[in-house]
Amino acid sequence: MKRTLIAANWKMHLNASQASLLLHRLHERIKIHRDIEVVLAPSSLVLQPMSMQIDRRKFRLAAQNGYHKDEGAFTGEVSFTMLKDLVHYAIIGHSERRMYFDESLEVVRDKVAAAVRNEITPILCVGETHQERTEGETKQVLHDQVTTALSDLTSEEVKDIVIAYEPIWAISTFGGEIAKPDDIRDAIAHIRKQVAELYSKKVADKVRVLYGGSVDDHTVGGYLAIDGCDGVLVGGASLNYHKFSGIVDVAYNLKHADGAS
Ligand code: PEP
């Protein structure tokens, strides 16, 4: 049985004391769940103090980014080698990095390989723009993003990674445009098909695929009920401890309603 993954992307929010306060509140509110994995991705500045404060039975840490070289004269960068003792996961290929920092398919591929080389599990983000969707290019975009990103990995490495389907046009819209369950199901199935074609169905079934895009405590249940969806990547709502702990509660209740332990 796969553990449902609930990941919080705090983006460029919360300084060290704000992050510490939110973590303190989450510690009080969220229980230890064997079948739910809760991952927090604060800014890299805050990873070190959070790693000392965190209850590892409740939470795992993720980096929001990393540089693909392990060491060297790359002013301003933080490598996955430097992150490896602090984090379990790293968000790679988020649409904001692809858009605002010009991360190409190849850069994302190199980051995925660097994370894996440093024993950090990538949470690889993929997803189409609004224009690509309206022009019927969603499947091609997902194909290119998935196949390039995984191209340096063995099947043994791929089976443990996480892929987050995040349609860019549905990110942080809350109340605006949201993705329909059928479209999400199809996109998730298409992602798994790419992995199965590159590796095998067995590997594709092991990979956890998340949904991300304006998920909150009211909508998460619907997303987690989608066939093939193994969890959610949460941006805006993860900064609010009522909403984020509510999301974890819904995930827990769904697991237990299914008869899982
Ligand atoms: C994200 O940026 O990964 C995300 C899913 O954000 P939001 O939940 O705010 O749409």
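Residues numbered from 1 in each chain as written. Predicted model: local features only at pLDDT ≥ 70, side-chain atom pairs only at ≥ 80, totals over all residues. Heavy atoms only, no water.

Draft legend 1. Expanded view of the pattern of salt bridges. One pass over the structure, following the stated rule, counts 20 salt bridges. Between Asp186 and Arg185 there is a salt bridge; the shortest N-O distance is 3.2 Å. Taking relative accessible area as the criterion, Asp186 reaches 38% and is therefore assigned partly exposed. For the salt bridge of Asp230 with Arg192, the shortest nitrogen-to-oxygen distance reads 2.6 Å. Of this pair, Asp230 sits in the loop between α11 (220-224) and β8 (231-234) while Arg192 sits in helix α9 (residues 181-198), and the two are 38 residues apart along the sequence. A relative accessible area of 13% means that Asp230 is categorised as buried. Each of the salt bridges in this network shares a partner with another, and the network as a whole consists of Lys2, Arg192 and Asp230. (Salt bridge = Lys/Arg side-chain N within 4 Å of Asp/Glu carboxyl O. Buried < 20%, exposed > 50% of the residue type's maximum accessible area, 1.4 Å probe, protein only. Helix = DSSP H or I, 4+ residues; strand = E, 2+ residues; numbered from the N terminus.)

Draft legend 2. Here's a closer look at the sheet that holds strand β6 (residues 162-165). With respect to topology, eight strands assemble into a closed barrel ordered β1-β2-β3-β4-β5-β6-β7-β8, the strand pairing being parallel. When the angles between neighbouring strand axes are averaged without regard to direction, this sheet yields 25°. Bridging between strand β1 (residues 4-9) and β8 involves four bridges; their strand directions are parallel. Bridging across to β8, Leu5 finds its partner in Gly231. Relative to strand β5 (residues 121-126), helix α7 (residues 138-150) is tilted by about 155°, and along the sheet it contacts β5 and β6. Relative to β1, helix α12 (residues 241-257) is tilted by about 170°, and along the sheet it contacts β1, β2 (36-41) and β8. (Pairing = 2+ DSSP bridges. Axes fitted to C-alpha atoms, helices over the stretch in contact; angles between N-to-C directions. Contact = heavy atoms within 4.5 Å.)

Draft legend 3. Focus on empty space enclosed by the protein. Scanning the model with the defined rule gives two cavities of 30 Å³ or more in all. When its volume is computed, the largest cavity comes out at roughly 90 Å³. Across the lining of the largest cavity, the residue classes break down as four nonpolar, eight polar and two charged. Considering only enclosed or pocket space, the second largest cavity measures out at about 40 Å³ in volume. Together, Gly93, Ser95, Arg98, Cys125, Val126, Gly127, Glu166, Ile168 and Ile171 line the second largest cavity. Grouping the constituent residues of the lining of the second largest cavity by class yields four nonpolar, three polar and two charged. (1 Å grid on protein atoms, 1.4 Å probe; cavity = no way out; pocket = protein on both sides within 12 Å on 5 of 7 lines; lining within 4 Å. Points joined across faces, edges and corners; volume = space filled by probe spheres on them. Nonpolar A, V, L, I, M, F, W, Y, C, P; charged D, E, K, R; others polar.)

Draft legend 4. Quick peek at the site of the ligand. What surrounds the ligand is a group of 15 residues, the closest being Lys11, His94, Ser172, Ser214 and Gly235. A distance of 2.6 Å is found between an oxygen atom of the ligand and a side-chain nitrogen or oxygen belonging to Lys11. Between the ligand and Glu166, the relevant distance is 2.8 Å, taken from an oxygen atom to a side-chain nitrogen or oxygen of the residue. Contact with the protein chains removes 100% of the 290 Å² of surface that the ligand exposes when unbound. Given that more than half its atoms are within 2 Å of the pocket grid, the ligand belongs to the largest cavity. (Near = heavy atom within 4 Å. Polar contact = N/O pair within 3.5 Å; in protein donor to acceptor, adjacent residues only side chain to side chain. Areas by Shrake-Rupley, 256 points an atom, 1.4 Å probe, with all protein chains shown as cover. Sits in = over half its atoms within 2 Å of the grid points.)

Draft legend 5. Region of interest: the layout of surface pockets. The space that makes up the largest pocket amounts to roughly 710 Å³. If you go around the largest pocket, you meet 30 residues; those closest to its centre are Met12, Gln64, Asn65, Arg97 and Phe101. Broken down by secondary-structure element, the contributors of at least two residues to the lining of the largest pocket are α2 (44-53), α4 (95-100) and α5 (105-117). A class-by-class count of the residues in the lining of the largest pocket yields 14 nonpolar, 10 polar and six charged.

Draft legend 6. The nonpolar core, seen in detail. Counting residues in hydrophobic clusters, the biggest one holds 67 residues, and the most contacted among them are Leu40, Val195, Tyr211, Val232 and Phe244. Setting aside anything within four residues of it in sequence, one finds Leu40 in contact with Ala8, Trp10, Leu23, Leu26, Met50, Ile54, Phe59, Arg60, Leu61, Ala62 and Phe244. By size, the runner-up hydrophobic cluster in this structure holds 13 residues, among which are Val39, Ile91, Cys125 and Ala164. (Core = buried A, V, L, I, M, F, W, Y, C linked by side-chain atoms within 4.5 Å.)

Draft legend 7. Seen up close, the side chain of Glu103. Among the secondary structure elements, Glu103 is positioned in the loop between α4 and α5. Taking relative accessible area as the criterion, Glu103 reaches 7% and is therefore assigned buried. Excluding residues within four positions of it along the chain, Glu103 makes contact with Asn65, Gly93, Arg97, Arg98, Val108 and Lys111.

Draft legend 8. Spotlight on unusual backbone geometry. Backbone geometry places Leu14, a non-glycine residue, at a positive phi of 75°. The residue Leu14 is located in the loop between β1 and α1 (16-29) in this model. Despite not being glycine, Ser172 has its phi angle at roughly 50°, a positive value. One can find Ser172 in the loop between β6 and α9.

Shape is all these values report; function is a separate question.
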